[in-house]
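Spelled out from the first residue to the last, the chains are:
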Amino acid sequence: GAGVSQSPSNKVTEKGKDVELRCDPISGHTALYWYRQRLGQGLEFLIYFQGNSAPDKSGLPSDRFSAERTGESVSTLTIQRTQQEDSAVYLCASTLMGQGFETQYFGPGTRLLVL
Amino acid sequence: KNEVEQSPQNLTAQEGEFITINCSYSVGISALHWLQQHPGGGIVSLFMLSSGKKKHGRLIATINIQEKHSSLHITASHPRDSAVYICAASTNAGGTSYGKLTFGQGTILTVHP
C-alpha cells in the first residue's frame with residue numbers, strides 16, 4: 001500500500017478483555033514503532049522493531065502489553081486484561097532503516113476505548 | 001523536567017500573522033522532528049533535521065545543536081494551519097543512534113480568519 005495502515009480504526013472493549021491491534025508498515029521499511037496517545041496527553045513511545053534485532057520494549061507500560069512483528073512486515077500489539085487507563089489512540093509508524101535520520105511515516109491510529 | 005519541551009502550549013493567531021513555536025531538548029539527539037496533527041486526523045511529518053534550516057512552502061524549521069533548541073515558523077498563517085504541532089527528538093541510545101522518538105507535549109495552534 002501507499003502508506004502505513006492500521007486496523008481496526010476503532011475498538012471498544014470491556015475491561016478485562018484482550019485486544020489485538022494490527023499495523024501494516026510501508027513495504028520495505030525495516031523499522032517499526034508503536035506509540036500511544038492518551039486523551040489530552042502527548043505521544044508516548046511503546047516499542048521499536050528493527051530488522052532481526054531484539055525489539056526495544058522499554059516503553060511498554062506493563063507486562064499486559066506485548067508486540068510481535070513478522071519479519072519486516074505486519075506487527076501486532078496485544079493488550080491483555082485491558083484496563084480503562086489503556087484507552088488511547090495507538091499509533092504505528094515505520095521508517096526505512098530506523099537509524100534516527102529518516103522521516104517516520106505514521107498510520108492513522110487505532111482508537112481504543114475500554115469501558 | 002521533560003526531555004523535550006515545547007512552548008507555547010497554546011497559540012492563537014490572526015490569519016496572516018507570523019508564528020513561531022519553540023522546542024528545547026535535553027537529550028542527545030540524532031535528529032529533531034516536527035510533526036503536525038490535525039483534530040481527529042493522523043500525524044504528518046513536516047520536517048526532520050539535524051542541523052541548520054529547512055523550508056517547505058510557508059513553513060521553516062531551524063535547529064541550533066549547541067543550544068539544543070529548534071523553532072518552527074509559519075509565515076502568512078492561514079486557518080488551515082490550525083493543528084497541533086509536535087516536536088520530537090530521535091535519541092541516541094548507548095552511542096547507537098536510532099529512531100525512537102521522545103515527544104514534546106505539543107502546541108495547539110488556532111488561526112482565526
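You'll find the structure just up there.
Here's a quick rundown of the structure. Since we're looking at a predicted model, the values are computed, not measured. Here the residue numbering is sequential within each chain, running from 1 through the sequence in written order. To label them, take the chains in the order written and letter them from A, then take the ligands in the order written and number them from 1. Since the coordinates come from a predicted model, pLDDT governs what is reported: local features require at least 70, and pairs of side-chain atoms require 80 or more to be given and counted, while whole-chain, interface and lining totals use all residues. Excluding hydrogens and water, the side-chain values take into account all heavy atoms of the structure.

Taken together, the 20 residues of chain A in the interface contact 18 residues of chain B. Surface buried jointly by chain A and chain B totals about 1600 Å² across both partners, of which 59% is contributed by carbon and sulfur atoms. Its largest share of buried area at the contact with chain B, chain A owes to Leu43, Phe101 and Phe106 of chain A, together 31% of the area lost on that side. When a carboxyl oxygen of Asp or Glu is within 4 Å of a side-chain nitrogen of Lys or Arg, the pair counts as a salt bridge. Connecting chain A to chain B are zero salt bridges. A contact between two residues is defined here by any heavy atoms of the two lying within 4.5 Å. By convention, the term buried area covers the 1.4 Å-probe accessible surface removed from two parts as they join, with the contributions of both added.

Moving on, we get to unusual backbone geometry. Geometrically, the link from Ser7 of chain A to Pro8 of chain A is a cis peptide bond, its omega value of -10 degrees lying close to zero. The helix count covers DSSP runs of H or I at least four residues long, the strand count covers runs of E at least two residues long, and both are numbered beginning at the N terminus. Relative to the helices and strands, Pro8 of chain A is located in the loop between strand S1 (5–7) and strand S2 (10–13). Here the residue pair Ser7 of chain B and Pro8 of chain B is connected by a cis peptide bond, since its omega of -5 degrees sits within 30 degrees of zero. Inspection of the secondary structure assignment puts Pro8 of chain B in the loop between strand S1 (4–7) and strand S2 (10–14). At Lys68 of chain B, a residue that is not glycine, the phi angle is positive and equals roughly 55 degrees. Relative to the elements of secondary structure, Lys68 of chain B occurs in the loop between strand S7 (59–64) and strand S8 (69–74). Taking the relative accessible area as the measure of exposure, Lys68 of chain B reaches 34% and is therefore partly exposed. Within the chain, Ala76 of chain B stands out as a residue other than glycine whose phi angle is a positive 45 degrees. Position of Ala76 of chain B among the secondary structure elements: in the loop between S8 and strand S9 (83–93). For each residue, the accessible area found with a 1.4 Å probe, counting protein chains only, is set against the maximum for its type, and the residue is called buried under 20%, exposed over 50%, and partly exposed in between.

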